[in-house]
Amino acid sequence: MKILYFASLREALGCGGEEVALPAGVADIAGLMAFLAARDEKSQVLRTRRNLRYAVNQEMARLDTPVADGDEVAFFPPVTGG
Amino acid sequence: MVVRVQEADFEVGAELAALRRDDPQIGALTAFVGLVREMNEGAGVSEMTLEHYPGMTERELEAIVGEARRRWAVLDALVIHRVGRLLPTDQIVLVAVVGVHRGETFAACQFIIDTLKTRAPFWKREVTPAGGRWVDARAADDQAAERWQE
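Analysis parameters
- Residues numbered from 1 in each chain as written.
- Chains lettered and ligands numbered in written order.
- Predicted model: local features only at pLDDT ≥ 70, side-chain atom pairs only at ≥ 80, totals over all residues.
- Heavy atoms only, no water.
- Core = buried A, V, L, I, M, F, W, Y, C linked by side-chain atoms within 4.5 Å.
- Buried < 20%, exposed > 50% of the residue type's maximum accessible area, 1.4 Å probe, protein only.
- Helix = DSSP H or I, 4+ residues; strand = E, 2+ residues; numbered from the N terminus.
- Contact = heavy atoms within 4.5 Å.
- Axes fitted to C-alpha atoms, helices over the stretch in contact; angles between N-to-C directions.
- Parallel < 35°, antiparallel > 145°, perpendicular 65-115°, else oblique.
- Left-handed = near helix turned anticlockwise from the far one by under 90°.
- Buried area = accessible area lost by both parts, 1.4 Å probe.
- Salt bridge = Lys/Arg side-chain N within 4 Å of Asp/Glu carboxyl O.
- Polar contact = N/O pair within 3.5 Å; in protein donor to acceptor, adjacent residues only side chain to side chain.
- Nonpolar A, V, L, I, M, F, W, Y, C, P; charged D, E, K, R; others polar.

Peer 1: How would you sum up the nonpolar core? Please name residues and give values.
Peer 2: In globular proteins that are soluble, nonpolar side chains generally tend to be buried together. B:Trp72, B:Val79 and B:Ile112 are the most contacted members of the largest nonpolar core, which totals 28 residues. Of all elements in the fold, only strand 5 (47–52), helix 2 (56–71), strand 6 (74–82), strand 8 (91–99) and helix 3 (102–119) of chain B reach the threshold of two or more residues within this core. Residue contributions to this core peak at seven residues, all from helix 3 of chain B. Among residues more than four places away in sequence, those in contact with B:Val79 are B:Val2, B:Val3, B:Arg4, B:Leu61, B:Val65, B:Leu94, B:Val95, B:Ile112 and B:Leu116. With 21 residues, the next largest nonpolar core counts A:Val20, A:Met33, A:Val67 and A:Val73 among its residues.

Given below as structure tokens:
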């Protein structure tokens, strides 16, 4: 699956996105975030950053939104356009 | 409905004329233009850069305009939002709504900009004398959007 990071989160992680094989046992955003955050020191920001927002296939999602292989999942801070 | 995300500046007069198309049904046009301010959170801003999520941004803007058109009897609406590097006094966003009467066009225009500010995936990074910083989401913007919830 394709993972995207934006704005301050992209800077903190040092990358705008990555390809990840859906890990066994991961079924929703909460599970995916926990998996991604546990990989190394830098990725901890996915667990420690407050108010993160997420989207699955370009639609706003919640922690219990299901994720599947082939999905595009994005993580980002609260939006500040307009 | 027109939704555009672009680096280029826009000409408000030309955009409004295109939205009206000399349609004689239209009795009201409400437009909002957002601009880059020289001050934010007590610091001088020399420039800002707007980042967005290509694809999702357009979808979200179309969904917001679609919601506005379902809620209010308006005839058409337009959203243009710039991305990239911007300087104080630059135009950031244009929201315009046309309809038969002003009550609906004012409400729909305000709904669109209030909702855009909390839902459309744009992020501002500004440069101040202390360096670059990502702009924090404002509680006042959340409250402005919440009051439109049905």
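Peer 1: Quick one: what's the story with the packing of helix 2 of chain B against helix 3 of chain B, residue by residue and with numbers?
Peer 2: Residues and elements named next belong to chain B. Where helix 2 contacts helix 3, the axes come no closer than 10 Å and their chain directions differ by 150 degrees. Of the possible angle classes, the one that applies to helix 2 and helix 3 is roughly antiparallel. Seen along the crossing, helix 2 lies across helix 3 with a hand that is right-handed. Contacts from Glu 60, Leu 61, Ala 63, Ile 64, Val 65, Glu 67, Ala 68 and Arg 71 in helix 2 reach Ala 108, Phe 111, Ile 112, Thr 115, Leu 116 and Arg 119 in helix 3.

Peer 1: Residues and numbers for the interface of chain B and chain A, please.
Peer 2: Contact residues are listed per partner, giving 25 residues for chain B and 20 residues for chain A. Among the residues of chain B in contact with chain A, B:Tyr53, B:Trp123 and B:Trp134 are the three that bury the most area, contributing 34% of the side total. Linking chain B to chain A there are three salt bridges. In this structure, the salt-bridge partner of A:Glu59 is B:Arg59, at a minimum N-O distance of 2.9 Å. Inspection of the chain B/chain A interface yields 13 residue pairs in polar contact (both at pLDDT 80 or more). Broken down by secondary-structure element, the contributors of at least two residues to the side of chain B that touches chain A are strand 5, helix 2, strand 8, helix 3 and strand 9 (122–128) of chain B. Considering every element that reaches the side of chain B that touches chain A, the biggest residue donor is helix 3 of chain B, with five residues. Classifying every residue of the side of chain B that touches chain A by side-chain character gives 14 nonpolar, four polar and seven charged.

Peer 1: So, unusual backbone geometry: which residues are in play, and what are the values?
Peer 2: Residue and element names in this part refer to chain B. A positive phi angle, close to 45 degrees, is found at Arg 21, a residue other than glycine. Within the secondary structure layout, Arg 21 lies in the loop between helix 1 (12–20) and strand 2 (28–35). A positive phi angle is found at Asp 22, which is not glycine, with a value near 55 degrees. The residue Asp 22 is located in the loop between helix 1 and strand 2 in this model.

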